[in-house]
Amino acid sequence: MTSIVAAFDFDNTLTVRDSLVPFLFEQAGFLKASYYLAALIPDFLQFQCGYLSRQATKEKILTKFFKGVSFCDLQMSAKRYAANQLDSYLNPQAVERLKWHQQQGHRCILVSASIDLYLCPWAERHGFEKTLASTLALDKQERVTGLLKGNNCWGAEKVKRIEDYLGPRESYQLYAYGDSRGDQELLALADYPFYRSF
């Protein structure tokens, strides 16, 4: 029997805003976060001009904010952020659509370029079967390196993660929800694609 899967992007799809930047500010504090972001302006400009990849730019940010931080400490902070802050960013229409899929017994999967540290506990609480997201790399002392483990979960990587997890494409029907260029490949894969709509 063919299963039915609903794959949701997170930032600006399930939510009305980005979720990483508030987490950065929460971790570093306003003044330090502002200083770090100002120091990263040359990297942002290189990205805009095509000289720095999306993944490299993201790793520059993560390195600036998190390099050397204990994974255990950051994970605890991420769980608090997921429990106390993320729900305030939710798009009510998106949540209604998610609940509809769950009521139909569909398999709901979160597929996001944001980091899994805070997405996994949030998604588990909201009834998702699986979270496919970007993952922080750690050193031998279980400290954050600032790099990603594997590829940034964006664009074609979203399709790869979905296919690796779900298996043969003919074994399921796919609804997909996204809002940006990073979701185009996922939407193209879907039987029922929804771009900035529910």
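Use the structure listed above.
A quick note: this is a predicted structure, and the numbers were derived from the prediction, not measured.

Caption draft 1: Geometry of the pattern of salt bridges. Tallied over the full model, the rule gives nine salt bridges. Here Glu129 and Arg107 are joined by a salt bridge, their closest N and O atoms 2.8 Å apart. Of this pair, Glu129 sits in the loop between helix H8 (116-125) and strand E3 (130-134) while Arg107 sits in strand E2 (residues 107-115); the two residues are 22 residues apart in sequence, bridging distant segments of the chain. One salt bridge in this structure joins Glu157 and Arg161, with 2.7 Å as the shortest N-O distance. Linking Glu157 with Arg161, this pair stays in helix H9 (residues 156-166), spanning four residues, or about one helical turn. Overall, Arg161 belongs to the buried group, its relative accessible area being 17%. Bridged by salt links that share partners, the residues Asp9, Lys158 and Asp183 form one connected network.

Caption draft 2: Highlighting unusual backbone geometry. The phi dihedral of Asn12 falls on the positive side, at around 65°, and the residue is not glycine. Looking at the element boundaries, Asn12 is found in helix H1 (residues 10-14). For Asn12, a relative accessible area of 40% corresponds to the partly exposed category. The residue Arg196 is not glycine, and still its phi comes out positive at about 55°. Turning to its location among the elements, Arg196 is positioned in the segment after strand E7 (192-195). Judged by relative accessible area, Arg196 falls into the exposed class, the value being 60%.

Reading the values: rules and limits
Residues numbered from 1 in each chain as written. Predicted model: local features only at pLDDT ≥ 70, side-chain atom pairs only at ≥ 80, totals over all residues. Heavy atoms only, no water. Salt bridge = Lys/Arg side-chain N within 4 Å of Asp/Glu carboxyl O. Helix = DSSP H or I, 4+ residues; strand = E, 2+ residues; numbered from the N terminus. Buried < 20%, exposed > 50% of the residue type's maximum accessible area, 1.4 Å probe, protein only.

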